[in-house]
Amino acid sequence: MSFLLDKMKKMEPLFEKGGRFEKLHSVYDGFATFLYVQDKVTTGGAHIRDYMDMKRTMIIVVIALIPALLFGSYNIGLQHTRAFGIVDWSLMQMFWFGFLKILPLILVSYIVGLGIEFIVAQIRGHEINEGYLVTGMLIPLIMPIDVPLWMLAVSVAFAVIIGKEIFGGTGMNILNPALTARAFLFFSYPGWMTGDKVWIEGLTKGGAIDAFSGATPLAVAKLDGIARMPSAMEMFVGTVPGSVGETSVIAILIGALILLVTGVGSWRIMLSMTLGALGMGLLLNLTGGNEYTRIPAYYHLIMGGFAFGTVFMATDPVTAAQTNTGKYIYGALTGILVVVIRVFNPAYPEGTMLAILLMNVMAPLIDHYVVQANIRRRVKRVRTA
Amino acid sequence: MENVEKEPLFSAKYRKLLTNPLGQDNPITVQVLGICSALAVTVKMNPAIVMAISVMVVMAVSNVVIASLRKMIPGRIRIIVQLVVIATMVIIVDQFLKAFAFDISKQLSVFVGLIITNCIIMGRLEAFAMANKPWPAFLDGLGNAWGYGAILIIVSFFREFLGSGSIMGFPVMEKIGVYNWGYEDNGMMILPPMALITVGLIIWVQRSRNKTLIEENK
């Protein structure tokens, strides 16, 4: 590998100030730091630098997403065989079938998103930010597999430009960019984001076996009643229709473990969000109301996008609350809202996306009051002493 | 008679009254007034154009009326007088639309009546008509209504084109045949948030072309 490093070093002067490719400095910088640890030395202020910079953080999140991606690929194949009555596919066949179907989504997401990031970085003259490495991987995982690629491209462009760049790029955005992309798609082309066809590869073109329904557990619960829902075990393992990466709670839990062990994801948010949803679910079990309130509370944790949203979306360090107390409040309210939207809003069977986006907007407010409360508490202590 | 130098009808100063509100003094993108109706009536181009014309009539006429009466209106009740004039004009416009363009009148529904509360009109009466002669007040009214209408039409063009695939009711996208290639109209363009985002994008474009408009960060 040292050969590559030498090459990079030789090229470096070209990209420095006054060099021939001065304008492309951020491109060079982006690639160089992607491959190697920065050798830049700070010239003033704090001299301590952590290896755990943003790039490493982001890569850990991508690694944590891999189990969900692998299981998602397998599940696409599995659902396809079920829908079309194929019985003789092996496990590997299903996996490769699904993987080749999801690959175009990943490519489109990265090419469009990174393309915009590169262009903006050149215009603004700052470094290329790594934030998109994660967003680009999250987006295909929260899409239905049959979404047309041009729609995906449009929603990625919208999310990166309107959701992120106009606020100042990575670290400045108010809304989670991946969820912004999904929300845009959800409201723009609802036919491709809801219903009982889009979740299974090839079903929109028809030809499924009789009496097959590709509806997600959430939709089944809403339309056909709880009795028709898949079993809890199926939903936990993930062999049900749904967005690519959201179905398997096991795969997501492996990802959660990676995030928690490395300290990248916030356990406070994950815990409080789970408890919030569970609490709200139990409360609704007691009060009753409509049919939907009778779903066992723990079902809310394993169906739909709740697990995926809790582990990978709500914990986004940029858009979540920053203070520790704030994280508990933010997580709990998100969990409660997820269940409230699912149960009481007939138009949206899935509440995770909207709940997290809403709480993203509220996060700075929560932080503000947490910080103010702390200041008041300390001022009081000084006065009494 | 006092010997006042008579200003020509379309002097440079007067022309500015007409042109400034289109660009650097735009009521919507710079003064950020009248946003509410800009969001409400811009789903399709036809209602937006009718709305723009209605506002233009109301604004120009009430500006002239108030400017002619400006020396007779006691300061303490001027707002009420202004409102009476505006309301009269709005009712005339509303009745006119009901008589001659009933379909569009139905589409605009309450928003014609709500022209009364359009802050651009009150703002111009207070800021300009109360202190100027009828002719410049007339030009000012026209200019601001143009500025308002221009934004309305730009926003409604994008919303109708991308959201419904047509321009002024003519189904362009269908005629080109893009639906056969898998194209679909963007449902979000029809929802109000997209109007706000479109106005925001126009503000962005305008300010990046004219840096003097950028407000200082405090």
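Going by the structure above, here's the rest.
Starting from 1, residues in each chain are numbered consecutively following that chain's sequence as written. Chain letters and ligand numbers both follow the written order, the letters beginning at A and the numbers at 1. Reporting of local features is limited, given that this is a predicted model, to residues whose pLDDT is at least 70; pairs of side-chain atoms are given and counted only at 80 or more, and all residues count toward the totals for whole chains, interfaces and linings. Side-chain calculation: all heavy atoms of the structure are included, whereas hydrogens and water are not.

So what about the overall build of chain B? Which residues, and what values?
Strands are runs of DSSP state E lasting at least two residues, helices are runs of H or I lasting at least four, and both sets are numbered from the N terminus onward. Tallying secondary structure elements over chain B gives ten helices and zero strands in all. In sequence order, the secondary structure elements of chain B are arranged as α-α-α-α-α-α-α-α-α-α. Projecting the C-alpha coordinates of chain B onto the three principal axes gives extents of approximately 75 × 45 × 35 Å. Sequence-distant contacts in chain B: of pairs separated by 6 or more residues, those separated by 24 or more amount to 74%. Exposure was quantified through the Shrake-Rupley algorithm and a 1.4 Å probe, taking into account, for residues, occlusion by the shown protein chains and nothing else. A total of about 12,000 Å² of accessible surface is found on chain B, and carbon and sulfur atoms cover 67% of it. For chain B, the centre of its 19 positive side-chain charges and the centre of its 14 negative side-chain charges are spaced 6 Å apart. In what follows, a contact means two residues having at least one pair of non-hydrogen atoms within 4.5 Å. The sign given to each residue is positive for Lys and Arg and negative for Asp and Glu; His and the chain ends receive no count. Charge placement uses NZ in Lys and CZ in Arg. For Asp and Glu, CG and CD serve respectively.

Explain the overall build of chain A to me, using residue names and the numbers behind them.
A count of helical and extended segments in chain A gives 15 helices and zero strands. The classification of residues rests on relative accessible area computed with a 1.4 Å probe and restricted to protein chains. Under 20% of the type maximum is buried, over 50% is exposed, and intermediate values are partly exposed. Looking at chain A residue by residue over its 385 residues, the buried ones come to 51%. Here the analysis covers contacts within chain A between residues at least 6 apart in sequence; of these, 70% occur between residues at least 24 apart. In the form shown here, chain A has an accessible surface area of approximately 18,300 Å², with 68% of it arising from carbon and sulfur atoms.

Tell me about unusual backbone geometry, and please be specific about residues and values.
All names here are of chain B. The backbone of Met168 shows a phi angle near 50°, a positive value even though the residue is not glycine. Summarising the element assignment, Met168 is placed in the loop between α8 (134–164) and α9 (172–176). What makes Met168 partly exposed here is its relative accessible area of 44%.

Kindly report on helix α10 (residues 249–262) of chain A, identifying the contributing residues and their values.
All names here are of chain A. Given the number of residues in a helix, its expected span is that number minus one, multiplied by 1.5 Å. In a regular helix each residue adds 1.5 Å, so 14 residues correspond to 20 Å; α10 covers 20 Å between its end C-alpha atoms and thus fits that length. Listed as buried for α10 are Val249, Ala251, Ile252, Gly255, Ala256 and Leu259. On an axial view of α10, the arc spanned by its buried residues comes to 160°, and they lie on one face. Opposite the buried face of α10, at more than 90 degrees from it, the exposed residues are Leu257 and Val261. For this quantity, the arc is that covered by the directions from the helix axis to the C-beta atoms.

Hey, could you go over the nonpolar core for me, with residue numbers and the actual values?
Counting residues in each nonpolar core, the largest one holds 94 residues, and the members touching the most others are A:Ile102, A:Met229, A:Leu259, A:Phe308, A:Phe312 and A:Tyr330. In terms of residue count, the dominant contributor to this core is helix α15 (residues 352–384) of chain A (nine residues). Residue contacts for A:Phe312: discarding those within four places in its chain leaves A:Val61, A:Ala64, A:Leu65, A:Leu138, A:Ile252, A:Gly255 and A:Leu259. Judged by nonpolar contacts, the second largest core, of 42 residues, contains B:Ile66, B:Ala67, B:Ile115 and B:Ala145. Grouping buried Ala, Val, Leu, Ile, Met, Phe, Trp, Tyr and Cys residues that are joined through side-chain atoms within 4.5 Å yields what is termed a nonpolar core.

Kindly report on the packing of α10(A) against helix α13 (residues 306–313) of chain A, identifying the contributing residues and their values.
Residues and elements named next belong to chain A. Every axis in this analysis is a line fitted to C-alpha atoms, fitted for helices over the stretch in contact. Angles between the N-to-C directions lie between 0 and 180 degrees. For the pair α10 and α13, the least separation of the axes is 10 Å and the interaxial angle reads 15°. Between α10 and α13, the interaxial angle falls into the category roughly parallel. When the axes of α10 and α13 are compared, the crossing they make is left-handed. Touching Val249, Ile252, Gly255, Ala256 and Leu259 of α10 are Ala307, Phe308, Val311 and Phe312, all from α13. Geometric relationships in this document are graded by angle, where less than 35 degrees denotes roughly parallel, more than 145 denotes roughly antiparallel, 65 to 115 denotes roughly perpendicular, and other angles denote oblique. The hand of a helix crossing depends on one turn: near helix anticlockwise from the far one by less than a right angle means left-handed, and clockwise means right-handed.

Help me get a handle on the interface of chain B and chain A, residues and values and all.
On the chain A side, the residues contacting the twelve residues of chain B number eleven residues. For the pair chain B and chain A, the summed buried surface comes to about 890 Å²; carbon and sulfur atoms form 69% of the total. Once two parts are put together, the accessible area they lose, assessed with a 1.4 Å probe and summed over both, is termed the buried area. When the buried surface of chain B facing chain A is broken down by residue, B:Glu184, B:Asn186 and B:Met188 rank first, second and third, together holding 48% of it. Take a side-chain nitrogen of Lys or Arg and a carboxyl oxygen of Asp or Glu: if they are within 4 Å of each other, that pair is a salt bridge. Linking chain B with chain A are zero salt bridges, by the criterion used here. Polar here means any residue other than Ala, Val, Leu, Ile, Met, Phe, Trp, Tyr, Cys and Pro, which are nonpolar, and Asp, Glu, Lys and Arg, which are charged; Gly is therefore polar. Across the side of chain B that touches chain A, the residue classes break down as seven nonpolar, three polar and two charged.

Could you give me a rundown of a nonpolar patch on the surface, with the residues and numbers involved?
Patch definition: residues with relative accessible area over 30% and no salt bridge; like charges joined within 9 Å; nonpolar side chains (Val, Leu, Ile, Met, Phe, Trp, Tyr) joined within 5 Å. On the surface, A:Ile161, A:Ile166, A:Phe167, A:Met172, A:Ile174, A:Val361, B:Leu201 and B:Trp204 cluster together into a nonpolar patch covering about 680 Å² of accessible area. Take A:Phe167: it is sitting in the loop between α6 (149–164) and α7 (177–188).

Can you lay out the pattern of salt bridges for me, pointing to particular residues and giving the numbers?
All names here are of chain A. Throughout the structure, instances matching the rule amount to six salt bridges over all chains. Across the salt bridge formed by Arg82 and Glu234, the nearest N and O atoms sit 3.9 Å from each other. Within this pair, whereas Arg82 is found in helix α3 (residues 54–84), its partner Glu234 is found in helix α9 (residues 232–237), the two being separated by 152 residues in sequence. Its relative accessible area of 35% is what places Arg82 among the partly exposed residues. In this structure, Lys164 and Glu117 form a salt bridge, with 2.7 Å as the shortest nitrogen-oxygen distance. With a gap of 47 residues between them, Lys164 in helix α6 and Glu117 in helix α4 (residues 91–124) connect regions that are remote in the sequence.

An account of the side chain of A:Thr180 is needed here, citing residue identities and associated values.
Structurally, the position occupied by A:Thr180 is in helix α7. When near neighbours in sequence (up to four residues on either side) are disregarded, A:Thr180 contacts A:Phe158, A:Ala159, A:Gly163, A:Leu175 and A:Leu357.

Pulling in residues and values, what's your account of the environment of A:Gly276?
All names here are of chain A. On the secondary structure map, Gly276 appears in helix α11 (residues 267–287). Measuring from C-alpha to C-alpha, the distance between Gly276 and Tyr28 comes to 45 Å, with 248 residues separating the pair along the chain. With sequence-adjacent residues up to four places away left out, Gly276 is seen in contact with Ala332, Gly335 and Ile336.

So what's going on with the packing of aromatic side chains? Residues and values would help.
Describing an aromatic ring pair means giving the distance of the ring centres and the angle of the ring planes. All names here are of chain A. Only centres within 6.5 Å qualify two rings of Phe, Tyr or Trp (six-membered ring in Trp) as a pair; their planes then separate them into stacked at under 30 degrees, edge-to-face at over 60, and tilted for everything else. This model, assessed by the stated rule, comprises 18 aromatic pairs over all chains. Here the aromatic rings of Trp150 and Tyr189 are separated by 5.5 Å at their centres, their planes lie at 75°, and the arrangement is edge-to-face. Taken as a pair, Trp150 in helix α6 and Tyr189 in the loop between α7 and α8 (217–223) lie far apart in primary sequence, 39 residues in all. A residue is classified by how much of its surface remains accessible, and Trp150, at 29% relative accessible area, is partly exposed.

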